Amino acid sequence: MRRLRPTGRFVVPGLTNRLIGLALALMVGVALVGCGGSGEGASSGGSEGDGSLLVLGASSLTEAVGEYAESFAGAEVKASFAGSDQLAAQIRQGAGADLFLSADTDYPAELFREGLVEKPRVFAANELVIAVPGDSELSSLSDLAEPGTKIVIGDPSVPVGAYTRTVLERLSAAEREAILGNVRSEEPEVSAVIAKVAQGAADAGFVYATDARSAGDAVKTIAIPAGLQPQVAYAGAVVAASGNSEAASEFLDGLIEREGAEDLQRAGFLPPP
């Protein structure tokens, strides 16, 4: 199940990647049910009965939240990272989980309206940048319009893809169409975009600043002008069916103002807007 976005002419055909995204969602669902503990149904919270905490996080949070999870004293944390749309789909399908951490505010808000999570809270911010290989001669957003430039972006169903389209919408029609004409693939999560750039399979990709930073010297970044920059906000919400909602709320608190916030900042994330 995926959210429909009004992407209009800004969607580049990418059926193969959409099928991959659906397959990944199915695999995540199987894994999450497996994490639920023996004797628990898929609709119950992931931690019920064993005191553990199952956190579903956007792939861009892997490093920071993974580090925080190791030091969290409130419960044994089991973390699973994927595209925010895939994780939201798993919650809708009843996969056991305690906390949802999304790379946007839309998915948590939708799940809240559906009664599947408690009221979401914003816990971090990020910036969108253009990642290019370390030896690239590209130096500006306008360079992406040059014929033959191979660009990778996120699928419109994932936050990084939606943020990318926000940037493109703010360009002139000619420049926007030229850049879209150079898009070679739409990926199901930001980690796939940065991987293709780092491996040299693409000349450029729109990613979060934190993902570009984690790639080290394999990539360098091109800043997106302030007037084009979208507001990238991360929101978290305790899953309504959680069997360990107290620990889930405590974990989210820590991301906002305690140890987790420090881990986020060390990874390059910004404070909540």
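Chains are numbered independently. Their residues run from 1 in the order of the written sequence. A pLDDT threshold of at least 70 governs which residues receive local features in this predicted model, and a stricter bar of 80 or more applies before side-chain atom pairs are shown or counted, although totals over entire chains, interfaces and linings include all residues. No hydrogens and no water enter the side-chain calculation; it runs on all heavy atoms of the structure.

1. Overview of the packing of aromatic side chains
Piece 1. Aromatic pairing here means that ring centres of Phe, Tyr or Trp (its six-membered ring) are within 6.5 Å. Orientation follows from the plane angle: under 30 degrees is stacked, over 60 is edge-to-face, and everything else is tilted. On inspection of all chains with the given rule, the structure shows seven aromatic pairs.
Piece 2. Look at Phe72 and Phe251: their rings are 5.0 Å apart centre to centre, the planes differ by 75°, and that puts the pair in the edge-to-face class. Remark: Phe251 occurs in helix α9 (residues 245-257) and Phe72 occurs in the loop between α2 (62-71) and β2 (76-82); sequence separation between them is 179 residues. Like Phe251, Phe72 is buried.
Piece 3. Aromatic side chains Phe123 and Tyr234 sit 6.1 Å apart centroid to centroid with 65° between the ring planes, which places their arrangement in the edge-to-face category. Of this pair, Phe123 sits in strand β4 (residues 121-126) while Tyr234 sits in strand β10 (residues 232-238), and the two are 111 residues apart along the sequence. One exposure class covers both Phe123 and Tyr234, and it is buried. Secondary structure elements follow DSSP: runs of H or I of four or more residues count as helices, runs of E of two or more count as strands, with numbering from the N terminus. Here the term buried applies to any residue with accessible area under 20% of the maximum for its type, exposed to any over 50%, and partly exposed to those in between, with areas from a 1.4 Å probe on protein chains only.

2. Quick notes on the packing of α2 against α9
Piece 1. Between the N-to-C directions of two axes lies an angle of 0 to 180 degrees, each axis being a line fitted to C-alpha atoms and, for a helix, fitted only over the stretch in contact. Two elements in contact, α2 and α9, have axes whose closest approach is 12 Å; the angle formed by their N-to-C orientations is 125°. The angle between α2 and α9 falls in the class oblique. Relative to α9, α2 is oriented so that their crossing is right-handed. Of the residues in α9, those in contact with Val65, Tyr68 and Ala69 of α2 are Glu250, Phe251, Gly254 and Leu255.
Piece 2. Residues are grouped as follows: Ala, Val, Leu, Ile, Met, Phe, Trp, Tyr, Cys and Pro are nonpolar; Asp, Glu, Lys and Arg are charged; every other residue, Gly included, is polar. Considered class by class, the residues forming the contact of α2 with α9 number five nonpolar, one polar and one charged. Orientation is classified from the angle alone, with under 35 degrees giving roughly parallel, over 145 giving roughly antiparallel, 65 to 115 giving roughly perpendicular, and any other angle giving oblique. Helix crossings get a hand from a simple test, with the near helix turned counterclockwise from the far one by less than a right angle marking a left-handed crossing and a clockwise turn marking a right-handed one. By definition in these notes, contact holds between two residues if any of their heavy atoms fall within 4.5 Å.

3. Quick word on helix α10 (residues 259-266)
Piece 1. Buried within α10 we find Gly260, Ala261, Asp263 and Leu264. Angularly, the buried residues of α10 cover 160° about the axis, an arc narrow enough to put them on a single face. Think of it as the arc spanned by the lines of direction from the helix axis to the C-beta atoms.

4. Observations regarding a negative patch on the surface
Piece 1. Each patch is built from salt-bridge-free residues with over 30% relative accessible area, joining like charges within 9 Å and nonpolar side chains (Val, Leu, Ile, Met, Phe, Trp, Tyr) within 5 Å. Note on areas: these come from Shrake-Rupley sampling with a 1.4 Å probe, and a residue is covered only by the protein chains present in the view. When a carboxyl oxygen of Asp or Glu is within 4 Å of a side-chain nitrogen of Lys or Arg, the pair counts as a salt bridge. Under the counting rule used here, the positive set is Lys and Arg, the negative set is Asp and Glu, and His together with the chain ends is not counted. The location of each charge is read from NZ of Lys, CZ of Arg, CG of Asp or CD of Glu. On the surface, a cluster of negative charge is contributed by Glu246, Glu250, Glu259 and Glu262.
Piece 2. Counting residues per element, the ones that place at least two in the negative patch are α9 and α10.
Piece 3. Secondary-structure assignment places Glu259 in helix α10.

5. Overview of the sheet that holds strand β7 (residues 183-187)
Piece 1. Two strands form a pair only when DSSP identifies at least two bridges running between them. Taken together, the five strands give an open sheet; going across it, the order is β7-β6-β8-β5-β9, and neighbouring strands pair in mixed fashion. Of all the strands in the sheet, just β7 and β9 (219-223) have a single pairing partner and so form its edges. With direction set aside, neighbouring strand axes in the sheet form an average angle of 35°.
Piece 2. The pairing of strand β6 (residues 151-154) with β7 spans four bridges and is classified as parallel. When the sheet's bridge partners are listed, Ile151 is paired in β7 with Val183.

6. Digging into the environment of Tyr107
Piece 1. Relative to the helices and strands, Tyr107 is located in helix α4 (residues 106-113).
Piece 2. When the C-alpha atoms of Tyr107 and Gly236 are compared, they prove to be 9.6 Å apart, with 129 residues separating the residues in sequence.
Piece 3. Counted as a polar contact is a pair of N or O atoms within 3.5 Å, where, for protein atoms, one must be capable of donating a hydrogen and the other of accepting one, and residues adjacent in sequence contribute only when both atoms are in side chains. Reaching out from Tyr107, the side chain makes a polar contact with the backbone oxygen of Ser157 at a distance of 2.5 Å.

7. Things to note about the confidence of the model for the protein
Piece 1. Per-residue confidence from the prediction method is given by pLDDT, with values spanning 0 to 100. Overall, the prediction assigns the protein a mean pLDDT of 87, with 82% of residues at 70 or greater.
Piece 2. Low pLDDT, under 50, characterises residues 1-45; the predicted model gives this stretch 92 contacts beyond four residues in sequence or across chains.

8. Some thoughts on the sheet that holds β2
Piece 1. One open sheet holds the five strands; their spatial order is β2-β1-β3-β10-β4, and the pairing between them is mixed. Both outer strands of the open sheet, β2 and β4, are each paired with one neighbouring strand and no more. Neighbour-to-neighbour, the strand axes of the sheet open up by a mean angle of 20°, direction not taken into account.
Piece 2. Both strand β1 (residues 52-58) and strand β3 (residues 99-102) contribute to a ladder of three bridges, which runs parallel. Opposite Gly57, over in β3, you have Leu101 as the bridge partner.
Piece 3. The sheet strands contacting α9 are β1, β2, β3, β4 and β10, and the helix crosses β4 at an angle near 35°.

9. Quick word on the environment of Gly66
Piece 1. Inspection of the secondary structure puts Gly66 in helix α2.
Piece 2. Owing to a relative accessible area of 18%, Gly66 belongs among the buried residues under this scheme.

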